[in-house]
Each structure stands twice: as structure tokens, then as C-alpha cells.
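Here's the letter readout for the chains.
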Amino acid sequence: MSFTVHTSMLQRLRYLTVALLFMVSSAASPQTSKLAVDVIVSPSLAEITLDRSLLRAVFTMRVREWPDGTPVRVFVLPDDNPLSDHFYRERLGMYSYVLRRAWDRMVFTGTGFAPTVVRSESEMIELVRSTPGAIGFVRKRETSSRNRPAPPRWQIVLLRADAHE
């Protein structure tokens, strides 16, 4: 009899563990929305349209100037910032260590430059706003209480959907 009680307790513990794991995974989804990312560009690039392949080319430093001839200036957050990792994986389809290797290789071989690393999102916004040809990324802004987007403070580029997404 004690064996059946013990077995039923183990079964209850398994159900409780599964329920707990389900709740934890559900609670993790708001974190993903907190890490939603907007791509921002300088006001001089207000008319540019970026798709995933162009965005990858820009952030891997393969595109050095915009169609109007303005040099590309890429600003990124530090590699250990969770927003950077999320942006690289979700928007570029790359890992941060892969990008870092590509940037380091360009710098060490003298064939290019690495992006400028900024300390915070507010510094990113200010530098992108004030630098012609600049591009960067920031945490997606929350909408106002009336379910309308907050008034724009910087230029946000909407990405076209790729066939791969």
C-alpha cells in the first residue's frame, strides 16, 4: 500500500513539474516582446527601404555606402547586451560571435571597419539621429494607453518580409 501511495505521489510530482514548466515557458514569452527591436536610421535616410538581405549586408559591413552615396555608419550595442543578441538572431539570422569574427577579420586584414559600439540605447538614438548615413537598433517602444503608437522621436525603418521568414 505504501508503494501505491509513493507511486501516486511521484505521478503528482510529475504533473506538477510539467505544469510548472508550462507556466515558466509562458512567462518567458513577455521577455521576448520586451526584446522586440526597431531598426533606426538617420533622418537623411528617411526614404530607404531595407529587406533582410540588405540589413545583413549593412551589419556585416559589406555595404559601405547607401544608394545616394552617403557612407554607411553602423552603431551597435555591446556583444553582451541581450538586445544585440536578439537583434542579430531574429533580424539578421546570425549569431553575435559570427558577426564579431567577421568584423575582427575585416579590421585585422585592413579590408574594413567594425561597427561603432555604443554604451546604451539612448546614446545609440542620439548618434544615429546626428550622424548622416547612420543605422542602429533599439528596443521597440511601447504603444500608448489608447492603443495608438507613441509619437515618433526617430526614424524607424519597417523591414519587408522575406520569403525565408
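Our structure's up above, just so we're on the same page.
Residues numbered from 1 in each chain as written. Predicted model: local features only at pLDDT ≥ 70, side-chain atom pairs only at ≥ 80, totals over all residues. Heavy atoms only, no water.

A. Looking closely at the nonpolar core. Judged by nonpolar contacts, the single largest core of 33 residues is most densely connected at Phe 59, Phe 87, Ile 135 and Phe 137. Taken together, the elements giving at least two residues each to this core come down to β1 (37-41), α2 (52-59), β2 (73-76), α3 (82-92), α4 (96-109), α5 (121-130) and β4 (134-139). With residues near it in sequence (within four places) discarded, Ile 135 still touches Val 39, Ile 40, Val 41, Leu 50, Leu 55, Val 58, Phe 59, Trp 66, Arg 73, Val 74, Phe 75 and Val 128. (Core = buried A, V, L, I, M, F, W, Y, C linked by side-chain atoms within 4.5 Å. Buried < 20%, exposed > 50% of the residue type's maximum accessible area, 1.4 Å probe, protein only. Helix = DSSP H or I, 4+ residues; strand = E, 2+ residues; numbered from the N terminus. Contact = heavy atoms within 4.5 Å.)

B. Molecular detail of the packing of aromatic side chains. Taken as a whole and assessed by the stated rule, the structure comprises seven aromatic pairs. Ring plane angle 15° and centroid distance 4.3 Å describe the contact between Phe 87 and Phe 137, whose orientation is recorded as stacked. Placement of the pair is Phe 87 in helix α3 and Phe 137 in strand β4, with a sequence separation of 50 residues. Taken as a pair, Phe 87 and Phe 137 share a single burial class, namely buried. Seen from their ring centres, Tyr 88 and Phe 137 are 6.0 Å apart, and the 75° between their planes marks the pair as edge-to-face. In this pair, Tyr 88 sits in helix α3 while Phe 137 sits in strand β4, placing the two residues 49 residues apart along the sequence. Side by side, Tyr 88 and Phe 137 carry an identical accessibility label, which is buried. Through pairs of rings, three or more aromatic residues link up here, namely Phe 59, Phe 87, Tyr 88, Trp 103 and Phe 137. (Phe/Tyr/Trp six-rings, centres within 6.5 Å; stacked < 30°, edge-to-face > 60°.)

C. Geometry of the environment of Val 118. Secondary-structure assignment places Val 118 in the loop between β3 (116-117) and α5. As for Val 118 and Pro 78, which are separated by 40 residues in sequence, their C-alpha atoms are 6.9 Å apart. If sequence neighbours within four positions are ignored, Val 118 has contacts with Phe 75, Val 76, Leu 77, Pro 78, Glu 123, Met 124 and Leu 127.

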